[in-house]
Amino acid sequence: MTLINRIKNQKIFLVLFTLYIPLFRYFISLNNSGGHTFMTADWLVNYNYGFVKRGLFGTIILSVTRDKDILLDLLSFSLILIYILIFFLLNKIYNSKKQNYISVVLILSPAAFLFPIYDSQGSFRKEILGFLAILLLASSIKTSAKKTYIFMSLLIYSLAVFSHSVNVFLITTIFVLIYVFFDRKSILYILFSIPVVSYLFLYYLFSSSEQELYVIRDNICNDLFLIGLQNLCGYGTFDFLVWDVNANFLLVQNYIINENRNQYYFYFILFFLSIIPYIFDTKSLKLFKYYLFISISFIPLFLYAYDWGRWIYIMSFCYLIIYLLSDKSPKNVLTLILLFIYPFLYRMEHCCKPMIHFEDNFVYENVFYILEVLKNIT
C-alpha cells in the first residue's frame, strides 16, 4: 500500500486529531493552571468517603498518585489518549463499510465531533468513556480479535457506568448494536446489563440523603485541599454532587419554565437540525425505529439535567455509529454540497445558551471560528 493510500485510509483519524489539537492544548493548559471546576473536577469525584453517583474513575486515579502535578498530568494524558482511541476506532469503523458523503457530514456535524470544538466546556466529560466502549463493541463486528474487543468494551463500559450515570443511558445503543449486528439471542445483552443493574442497585441501596451528600462532598474537598487542589471545589461539579433526583428535577423545571423557556425552545430546533442529514439518505429511514428507541430512553436526562445540548450531542454520536455500520444510498452531488455547508450551519452550547441566529453572516462566523481553530494548531 502506497503512502497516499495509507493516509487516505486514516483520513477521519487525521482530520479529527488535527481539529482537536487546540482543544487538547487547552485542556493541558487548564490542568497546568490547577484544573477546571467542571472539566477536571468531575474526574476526581471518588468513593473514598461514601457512595456517590460518579466516583469510580476518581477513586482509581487518586489511588495511583497523590502528587498534584503528576495527578493532573496523568489526567490530561489519560483523557487525550481516550480521544485518540475514539478517533482511531471511528476511523476503523468508517473503513469497515462503504460510506457516502453523509457519513462525513454526520461525523463533522456541530452536534457530533464538532460539538466540543464549538463549545470547549462540553469536552472532556465522562461520556467519552461510554463512547469508547460503544466503539470497541462496534469494532468487534468485523475483526478476528472479536472476543478481545468485546471484553475491552465491557470493561470500559463498566468503568463508564460507575464513573457517571449518563453512561447508563448508552445501554440502549449497545442493545441496538447487539440486535442488529450480533446474534439476537446473544449473551451480550446480559453481560452489558450487569454493570447497569449493579449500578442502579447500589445507587438505590447506598444512596445518601442530601445532608450526607454534603458531608461526603466536604470530605472530598478537604482531601483535595490537602494535595493543593482546593480550587476545584469552587462553583462546579461538587455543587451538583449534593443534589438528589428530586432536587435536579425541580431545578430543571424552574430553569426552563421560569427563566430560560425561550432559549430552550431553540434546542428543539437544534435537535431537528442534527438529524437533517439522514433525510438525504433513503436507506437510513429504516434506522429511525432504532433512533426513536434511543431517543425515548434519553428523555429522563432532559427532565433531570439542563445540559440539553450535551444530551443531543450524545444521542448524535449514538445515531452516527449505527449509521456508519449500516447500508447507505450511493454518493450524490446534493450531499456533497451539504458536506461543505452543514458543519457551519449552527452551533450548540452544552447547556443554557443555544447558539443559533438567522442572520446571513452566522454561517460565515462559524467558518471563521473553525479557521481560527485551525490557525491555533501550532
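Rules used throughout
- Residues numbered from 1 in each chain as written.
- Predicted model: local features only at pLDDT ≥ 70, side-chain atom pairs only at ≥ 80, totals over all residues.
- Heavy atoms only, no water.
- Helix = DSSP H or I, 4+ residues; strand = E, 2+ residues; numbered from the N terminus.
- Rg over C-alpha atoms; globule rule 2.2 N^0.38 Å.
- Buried < 20%, exposed > 50% of the residue type's maximum accessible area, 1.4 Å probe, protein only.
- Contact = heavy atoms within 4.5 Å.
- Patch = residues over 30% accessible without salt bridge, like charges linked within 9 Å, V, L, I, M, F, W, Y side chains within 5 Å.
- Areas by Shrake-Rupley, 256 points an atom, 1.4 Å probe, with all protein chains shown as cover.
- Salt bridge = Lys/Arg side-chain N within 4 Å of Asp/Glu carboxyl O.
- Lys, Arg positive; Asp, Glu negative; His and termini not counted.
- Charge placed at Lys NZ, Arg CZ, Asp CG, Glu CD.
- Phe/Tyr/Trp six-rings, centres within 6.5 Å; stacked < 30°, edge-to-face > 60°.
- Lys NZ or Arg CZ within 6 Å of the ring centre and 35° of its normal.
- Axes fitted to C-alpha atoms, helices over the stretch in contact; angles between N-to-C directions.
- Parallel < 35°, antiparallel > 145°, perpendicular 65-115°, else oblique.
- Left-handed = near helix turned anticlockwise from the far one by under 90°.
- Nonpolar A, V, L, I, M, F, W, Y, C, P; charged D, E, K, R; others polar.

A. Main features of the overall build of the protein. For the protein, the helix and strand inventory stands at 19 helices and 0 strands. Its C-alpha atoms give the protein a radius of gyration of 21 Å, near enough to 21 Å, the size a compact globule of 378 residues would have. The principal-axis extent of the C-alpha atoms belonging to the protein is close to 60 × 50 × 45 Å. Within the protein, the fraction of its 378 residues that count as buried is 54%. Sequence separation of 24 or more characterises 79% of the internal contacts of the protein that already satisfy a separation of 6 or more.

B. Representation of the environment of isoleucine 194 within the structure. Following the sequence through the fold, isoleucine 194 ends up in helix α10 (residues 188-206). Here isoleucine 194 falls in the partly exposed class, since its relative accessible area comes to 45%. Along the primary structure isoleucine 194 and serine 297 are separated by 103 residues, whereas in three dimensions their C-alpha atoms are 18 Å apart.

C. Highlighting a positive patch on the surface. Positive charge collects at one region of the surface, where Lys8, Lys11, Lys98, Arg184, Lys283, Lys286, Lys289 and Lys331 lie side by side. Note that lysine 283 resides in the loop between α14 (261-279) and α15 (288-297). In this structure lysine 283 comes out as partly exposed when scored by relative accessible area, which is 40%.

D. Up close: the environment of aspartate 244. On the secondary structure map, aspartate 244 appears in the loop between α12 (237-240) and α13 (245-259). Taking C-alpha positions, aspartate 244 is 51 Å from valine 333, a pair spaced 89 residues apart along the chain.

E. Up close: the packing of aromatic side chains. The tally for this structure, following the rule as stated, stands at 38 aromatic pairs. Arranged with centres 5.6 Å apart and planes meeting at 65°, the rings of phenylalanine 302 and tryptophan 308 form a pair that is edge-to-face. For phenylalanine 302, a relative accessible area of 18% translates into the label buried. Sitting above the plane of the tyrosine 323 ring, lysine 328 keeps its charged end 5.3 Å from the centroid.

F. Geometry of the packing of α15 against helix α17 (residues 308-324). For the pair α15 and α17, the least separation of the axes is 10 Å and the interaxial angle reads 155°. Relative to α17, α15 is oriented roughly antiparallel. Crossing angle aside, the handedness with which α15 passes α17 is right-handed. Across from Tyr291, Ile294 and Ser295 in α15, the residues of α17 making contact are Met315, Cys318, Tyr319, Ile322 and Tyr323. Partitioned by chemical class, the residues of the contact of α15 with α17 number 7 nonpolar, 1 polar and no charged.

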